[in-house]
Amino acid sequence: MNEITVYHWLVIAWMALAAVTFVALLFVTAPYGRFTRSGWGPRISARWGWILMETPVLATFLVLYGLSDRKSNPASLVLLAFWAAHYVHRSLVYPFRLRSSRPTITVAVVAMGAAFNVGNGYLNGRYLFSLGPELPASWLLDPRFVAGALLFWGGYLLNQHSDHVLIGLRSGGETGYKIPYGGGYRFVSCPNYLGEMMEWGGWALACWNLGALAFLVWTVANLAPRALKTHRWYRDTFPDYPRERKALLPFIV
Ligand SMILES: NC(=O)c1ccc[n+]([C@@H]2O[C@H](COP(=O)([O-])OP(=O)(O)OC[C@H]3O[C@@H](n4cnc5c(N)ncnc54)[C@H](OP(=O)(O)O)[C@@H]3O)[C@@H](O)[C@H]2O)c1
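(A) Representation of a nonpolar patch on the surface in the model. A grouping of Phe-22, Val-23, Leu-26, Phe-27, Val-28, Trp-40, Phe-187, Leu-228, Leu-249, Phe-251, Ile-252 and Val-253 is seen on the molecular surface, where their side chains present a nonpolar patch of about 1100 Å² in accessible area. On the secondary structure map, Val-23 appears in helix α1 (residues 3-27).

So, in structure tokens, the structure goes:
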């Protein structure tokens, strides 16, 4: 079997695993942050957790780009910039902005996250830079790319602003939780997750391949159940929590 055939089977298996994960996460919440609990093994700080989980995907993508003979292709370069903008921030900037150094993430979550990220980096980078058809420069004017780019960067801004609001809720050595206000929080409890989904929805449109679509499916599978649980947690924890606020999609869910 050649690599492209293996690749297509891997993408199908990857999407099936995302569907199983989605169902599992409706019943079992990933043990990190406000949902950390005993019985899941050792924990480390969120800062180290994010660095260890996210740098492998940045490295995987850069290695696959380095191995490619499409390094000066404009579409490859632009999509590489999208990916790097997200993952340089997530793996090397965001962790150092977090205020609390409590051990809130289990090593099991970090290991699963890192393994997922390497697989995801391969499925996206290998197709984009080597296995898939080479995208022409004119792709950057295609309506699918333009709509995808707008969605990606809109999601990027929403995600970063929403994370910024959460980080700003604590000062000094504070570790407790407060009600976030402003920006996307006027409408939903988890605008950071909504922004993340918009980013990878935009990515799927801009790349227009199944590996990129599988990443969107995984993002929804991971974050939609967590948004529902976080929303319920806010309502149960704060009696004055804004009643009109939805969980994830403004005015809908
Ligand atoms: N692509 C994916 O599949 C995926 C998966 C997971 C996360 N992410 C992204 O990674 C980022 C972080 O995710 P996350 O699940 O850790 O987000 P989160 O639970 O909202 O927490 C983000 C940070 O804010 C703090 N925080 C949250 N709510 C707070 C409140 N009400 N008051 C004070 N501090 C609060 C948390 O502290 P504690 O740690 O003490 O709770 C944590 O440091 C998000 O941008 C998310 O979109 C992406």
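(B) Layout of the site of the ligand. Neighbouring the ligand are 25 residues; Tyr-32, Asp-163, Tyr-177, Lys-178 and Tyr-193 lie closest to it. Separating an oxygen atom of the ligand from a side-chain N or O atom of Asp-163 is a distance of 2.7 Å. A distance of 2.9 Å separates a nitrogen atom of the ligand from a polar atom in the side chain of Tyr-234. In isolation the ligand offers 890 Å² of accessible surface; the protein chains occlude 92% of this area. Contributing elements (two or more residues each) for the shell around the ligand: α3 (74-97), α5 (143-168), α6 (191-207) and α7 (210-237). Residue composition of the shell around the ligand, grouped by class: ten nonpolar, seven polar and eight charged.

(C) Broad picture of the packing of α5 against α6. Direction vectors running N to C along α5 and α6 enclose 160°, while the axes themselves pass 7 Å from each other. Considered as vectors, α5 and α6 are oriented roughly antiparallel to each other. Seen along the crossing, α5 lies across α6 with a hand that is left-handed.

(D) Spotlight on the packing of aromatic side chains. Inspection of every chain in the model, using the stated rule, returns 31 aromatic pairs. Ring centres 5.3 Å apart and planes at 5° place the aromatic pair Trp-14 and Phe-116 in the stacked group. Of the two residues, Trp-14 is situated in helix α1 and Phe-116 in helix α4 (residues 107-131); the sequence distance between them amounts to 102 residues. Look at Trp-14 and you get buried, because its relative accessible area is 15%. When the ring of Phe-61 is compared with that of Trp-83, the centres are 4.1 Å apart and the planes differ by 10°; the resulting orientation is stacked.

(E) Structural context of the nonpolar core. Formed by 34 residues in total, the largest nonpolar core has its most connected members in Leu-79, Trp-83 and Trp-203. Contributions of two or more residues to this core are made by α1, α2 (46-67), α3, α4, α5, α6 and α7. Once residues lying within four places of it in the same chain are set aside, the contact partners of Trp-83 are Val-57, Phe-61, Asn-120, Gly-121, Asn-124, Trp-200, Trp-203 and Phe-215.

(F) Layout of the side chain of Arg-245. Here Arg-245 shows up in the segment after α7. For the buried residue Arg-245, which engages in no salt bridge, the nearest side chain bearing the opposite charge is Glu-244, 5.9 Å off. Engagement of the side chain of Arg-245 in a polar contact is seen with the side chain of Tyr-241, the distance being 3.3 Å. Discounting residues that sit within four places of it in the chain, Arg-245 has contacts with Ile-179, Pro-180, Tyr-181, Tyr-185, Arg-186, Phe-187, Val-188, Ser-189, His-231 and Arg-235.

(G) Up close: unusual backbone geometry. Residues other than glycine seldom take positive phi values, yet Trp-208 does so here, at roughly 55°. Within the secondary structure layout, Trp-208 lies in the loop between α6 and α7. Backbone geometry at Phe-251 places phi at a positive 70°, although glycine is not the residue there. Structurally, the position occupied by Phe-251 is in the segment after α7. A residue is classified by how much of its surface remains accessible, and Phe-251, at 69% relative accessible area, is exposed.

(H) Representation of the environment of Gly-172. Looking at where Gly-172 falls in the secondary structure, it is placed in the loop between α5 and α6. It is 17 Å that separates the C-alpha atoms of Gly-172 and Pro-103, two residues lying 69 residues apart in sequence.

Definitions and limits used
- Residues numbered from 1 in each chain as written.
- Predicted model: local features only at pLDDT ≥ 70, side-chain atom pairs only at ≥ 80, totals over all residues.
- Heavy atoms only, no water.
- Patch = residues over 30% accessible without salt bridge, like charges linked within 9 Å, V, L, I, M, F, W, Y side chains within 5 Å.
- Areas by Shrake-Rupley, 256 points an atom, 1.4 Å probe, with all protein chains shown as cover.
- Salt bridge = Lys/Arg side-chain N within 4 Å of Asp/Glu carboxyl O.
- Helix = DSSP H or I, 4+ residues; strand = E, 2+ residues; numbered from the N terminus.
- Near = heavy atom within 4 Å.
- Polar contact = N/O pair within 3.5 Å; in protein donor to acceptor, adjacent residues only side chain to side chain.
- Nonpolar A, V, L, I, M, F, W, Y, C, P; charged D, E, K, R; others polar.
- Axes fitted to C-alpha atoms, helices over the stretch in contact; angles between N-to-C directions.
- Parallel < 35°, antiparallel > 145°, perpendicular 65-115°, else oblique.
- Left-handed = near helix turned anticlockwise from the far one by under 90°.
- Phe/Tyr/Trp six-rings, centres within 6.5 Å; stacked < 30°, edge-to-face > 60°.
- Buried < 20%, exposed > 50% of the residue type's maximum accessible area, 1.4 Å probe, protein only.
- Core = buried A, V, L, I, M, F, W, Y, C linked by side-chain atoms within 4.5 Å.
- Contact = heavy atoms within 4.5 Å.
- Lys, Arg positive; Asp, Glu negative; His and termini not counted.

Functional significance is not addressed by these values, which are geometric in nature.
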